[in-house]
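# Structural overview for review
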Amino acid sequence: MCTNIVRDLLKWAQNKQVKNLYVSKTQWKVKFDMPDSDLKITCQLLRVDLNKVCVEFTRRVGDQLGFFAVYQDIEKYMFIHNDETN
């Protein structure tokens, strides 16, 4: 499950031509900078239980509205992995 989410996030990042893409080798974490802005974002996958993963997006630097717009774009791209059940 985690590998699918990271794979799709990296595909989204490639389509958006993000800068300074960093994928952690020890954690389920991806960091990147958005082109044409000072926005820096971290995405981390956190295990909830054996069948669920929480995807946390954190704005490290940049405009809050810009971050929200990027988050919504990622959410639309990755909606297939979204499970809003308990």
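Being a predicted model, the structure only gives us computed values, none of them experimental.

Another aspect to go through is the state of the cysteines. Counted by the stated rule, this structure contains zero disulfides. Lacking any disulfide linkage, Cys43 is separated from the closest cysteine sulfur, that of Cys54, by 9.5 Å. Taking relative accessible area as the criterion, Cys54 reaches 33% and is therefore assigned partly exposed.

Averaged over every residue, the pLDDT of the protein is 88; residues scoring 70 or more account for 91%. Highest mean pLDDT in the protein belongs to strand β2 (residues 29-33) (95); lowest belongs to helix α1 (residues 2-16) (88).

A separate point is the pairing of strand β3 (residues 40-47). As defined by bridge partners, β2 adjoins β3 across five bridges and the pair is classed as antiparallel. By the bridge assignment for β3, Asp33 is matched with Lys40. Counting the residues between successive antiparallel strands, the hairpin from β2 to β3 contains six residues, one of them, Asp36, with a positive phi of roughly 60 degrees. Pairing geometry for β3 and strand β4 (residues 53-61), over eight bridges, is antiparallel. Residue pairing in the sheet places Cys43 in a bridge with Phe57 of β4. Between β3 and the antiparallel strand that follows it, β4, lie five residues.

Conventions and cut-offs
- Every chain begins its residue count from 1, and numbering advances along the sequence as written.
- Only residues with pLDDT of at least 70 are given local features in this predicted model, and only at 80 or more are side-chain atom pairs given and counted; all residues enter the totals for whole chains, interfaces and linings.
- Excluding hydrogens and water, the side-chain figures rest on all heavy atoms present in the structure.
- Any pair of cysteine sulfurs within 2.5 Å is marked as a disulfide.
- Any residue under 20% of the maximum accessible area for its type is buried, any over 50% is exposed, and the rest in between are partly exposed; the area is computed with a 1.4 Å probe on protein chains only.
- Within a predicted model, pLDDT stands for the predictor's per-residue confidence, ranging from 0 to 100.
- Helix and strand assignments come from DSSP, with helices taken as H or I runs of at least 4 residues and strands as E runs of at least 2, each series counted from the N terminus.
- Here the rule is simple: two strands pair whenever DSSP picks up at least two bridges between them.

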